[in-house]
Amino acid sequence: MGLLSYFKSRSTSGSASLAKERLQILVAHDRAGRDAPSYLPQLQRDILKVLRKYVAVEPGAVNVNLEHDEHHEVLELNIVLPEGERSTG
Amino acid sequence: MSRIIVVTSGKGGVGKTTTAAALAMGLAERGFRSVVIDFDVGLRNLDLIMGCERRVVYDFINVIQGEARLNQALIKDKRNENLFILPASQTRDKEALTKQGVGKVLTDLSEDFDYIVCDSPAGIELGATMAMYYADDAFVVTNPEVSSVRDSDRMIGILSSKSQRAEEDREPIREYLLLTRYSPERVERGEMLSVEDVQDILSLDLIGVIPESQAVLNASNSGVPVIMDGESTAGQAYSDVVARYLGEQLPHRFLEIEKRGLLGRLFGG
């Protein structure tokens, strides 16, 4: 403290900037979950059920995600097919 | 028509009761008939902060369950004739807080009072959701610290979805950010989130910043709302909050480190 701290500008290495960074990520994630329509989990289960009629996918293979933009919303559907399915399908 | 204010936060120990007490007293000092209600059933503390713990006979739950009339349970503040306190029950559990029962008490109170301040318990369980359900305005009390900011954001989500206003599709609850236990020195050193940081994350209207102050502990030790300590920075900051809430435009104070002389800055700690 004292003389040294007088010349040091506001410290950028302080933990507050780390706190802000972590919070911004966390809060964005929390809000995305909160604002998601309530039918998403059921939609995910239904898609998985239909898919399994045709392909032997893992229970966690379907990922449904809703992204907000200023002008529109994107429903992102991510399905991981097991290896080798392409040739037999 | 009265206005119902909820003082909430999610996280415990951030200053909800201190704020509820200060707000109710501040509004009463300005001539408004005010009542402050403790929603922390089982763990009441508002009576201590208000200095009326030995005058509690009946409580909020007694009124809800019809065991006492409202005016038997209301405690009149000895310092300000406009201010009343409705204490929580210490012995019952929070399940006694029904939506209908709370609604009836608030409706009855709104005939007599200009402002009804609801002091919410920590958490997101029944006591907290009941405290906010009928609110018109919400003070989200937040410390500049990660867990408090996160919990506040969670509360903001609940306020916008689980209130009567939300359910009836009316104008949403007006939400205000109140930052408490703020230390400009620690912000300057980069150790504490700044006002701007917290505002960036929560994007709420800032109603005030209460600096970390010894006066808050002194006030609760003696059962006097800290807003009555006009000498203290915290007391002044709370007075500003009340003024802003009532529509006055005031600059935020106590955000900067108190200026010291050059010698102080060179040799001070």
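Residues numbered from 1 in each chain as written. Chains lettered and ligands numbered in written order. Predicted model: local features only at pLDDT ≥ 70, side-chain atom pairs only at ≥ 80, totals over all residues. Heavy atoms only, no water.

Undergrad: It is not clear to me how the sheet that holds strand β8 (residues 205-211) of chain B should be interpreted in this structure. Could you clarify?
TA: Picture the strands of a sheet paired through backbone hydrogen bonds; they go either parallel or antiparallel. Residue and element names in this part refer to chain B. The strand order across the open sheet formed by eight strands is β3-β4-β2-β5-β1-β6-β7-β8, and the pairing between neighbours is mixed. Strands at the two margins of the open sheet, each flanked by one partner only, are β3 (75-76) and β8. Both strand β7 (residues 174-182) and β8 contribute to a ladder of five bridges, which runs parallel. Its bridge partner being in β8, Y182 is matched across the sheet by P211. Packing of helix α5 (residues 99-110) onto the sheet brings it into contact with β1 (3-8), β2 (34-38), β4 (83-86) and β5 (115-119), and relative to β5 it is tilted by some 145°. Its contacts with the sheet place helix α12 (residues 233-245) against β1, β5, β6 (137-142), β7 and β8, and it is angled at close to 165° to β8. (Pairing = 2+ DSSP bridges. Helix = DSSP H or I, 4+ residues; strand = E, 2+ residues; numbered from the N terminus. Contact = heavy atoms within 4.5 Å. Axes fitted to C-alpha atoms, helices over the stretch in contact; angles between N-to-C directions.)

Undergrad: Would you explain α5(B) in this entry?
TA: An α-helix turns once every 3.6 residues. As a result, residues three or four positions apart point the same way. Between the first and last C-alpha of α5(B) there are 16 Å, a value that for twelve residues agrees with the 16 Å anticipated at 1.5 Å per step. Considered for burial, the residues of α5(B) that qualify are B:G101, B:V102, B:G103, B:V105, B:L106, B:L109 and B:S110. (Expected span 1.5 Å × (residues − 1). Buried < 20%, exposed > 50% of the residue type's maximum accessible area, 1.4 Å probe, protein only.)

Undergrad: So what exactly am I meant to see when it comes to the packing of helix α1 (residues 16-29) of chain B against α12(B) here?
TA: Helices that pack against each other are described as a pair by the angle of their axes relative to one another and the distance between those axes. Residue and element names in this part refer to chain B. Taken N-terminus to C-terminus, the directions of α1 and α12 make an angle of 60°; their axes are 9 Å apart at the nearest point. Here α1 and α12 pass one another in a crossing that is right-handed. In this structure, α1 contributes T18, T19, A22, L23, G26 and L27 to the contact, and α12 contributes Y238, V242 and Y245. For the contact of α1 with α12, the class distribution of residues is six nonpolar, three polar and no charged. (Left-handed = near helix turned anticlockwise from the far one by under 90°. Nonpolar A, V, L, I, M, F, W, Y, C, P; charged D, E, K, R; others polar.)

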